[in-house]
Amino acid sequence: MESQFKCPQCNRPIMNRRNKNCLYCGAILPENLLFSKEELAVQNRKFEQENQIARQKSQTDISWFNRAR
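In short, a report on the structure. Not measured: the values here are computed from a predicted model. (Residues numbered from 1 in each chain as written. Predicted model: local features only at pLDDT ≥ 70, side-chain atom pairs only at ≥ 80, totals over all residues. Heavy atoms only, no water.)

The next point concerns the overall build of the chain. Helix and strand content of the chain: 1 helix and 0 strands. A burial count over the chain gives 12% of its 69 residues as buried. Intrachain contacts of the chain at a sequence separation of at least 6 include 10% that bridge at least 24 residues. (Helix = DSSP H or I, 4+ residues; strand = E, 2+ residues; numbered from the N terminus. Buried < 20%, exposed > 50% of the residue type's maximum accessible area, 1.4 Å probe, protein only. Contact = heavy atoms within 4.5 Å.)

Positive phi is not limited to glycine here, since Asn11 has a value of about 65°. Mapped onto the elements, Asn11 comes out in the segment before helix 1 (37-68).

Tracing the sequence through the fold places Arg17 in the segment before helix 1. In terms of polar contacts, Arg17 uses its side chain to reach the backbone carbonyl oxygen of Leu33, at 3.0 Å. Sequence-distant contacts of Arg17, defined by excluding residues within four places in its chain, comprise Phe5, Leu33, Leu34, Phe35 and Glu39. (Polar contact = N/O pair within 3.5 Å; in protein donor to acceptor, adjacent residues only side chain to side chain.)

Next comes the structure, spelled out in structure tokens:
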């Protein structure tokens, strides 16, 4: 899959749009290539929801394991 976001300095794909520097050449990336505050907020909420689901599943698995003994 070809990344639509490329570093203007080295022309490589931007691997992390949260990082202000290109992970290949270290160039400072323009703001328009980074995630906006709104995009970051959406990603952070999604990440937290996924973590909460994983924690709940982990607790369920632990409870099941303890009952199986």
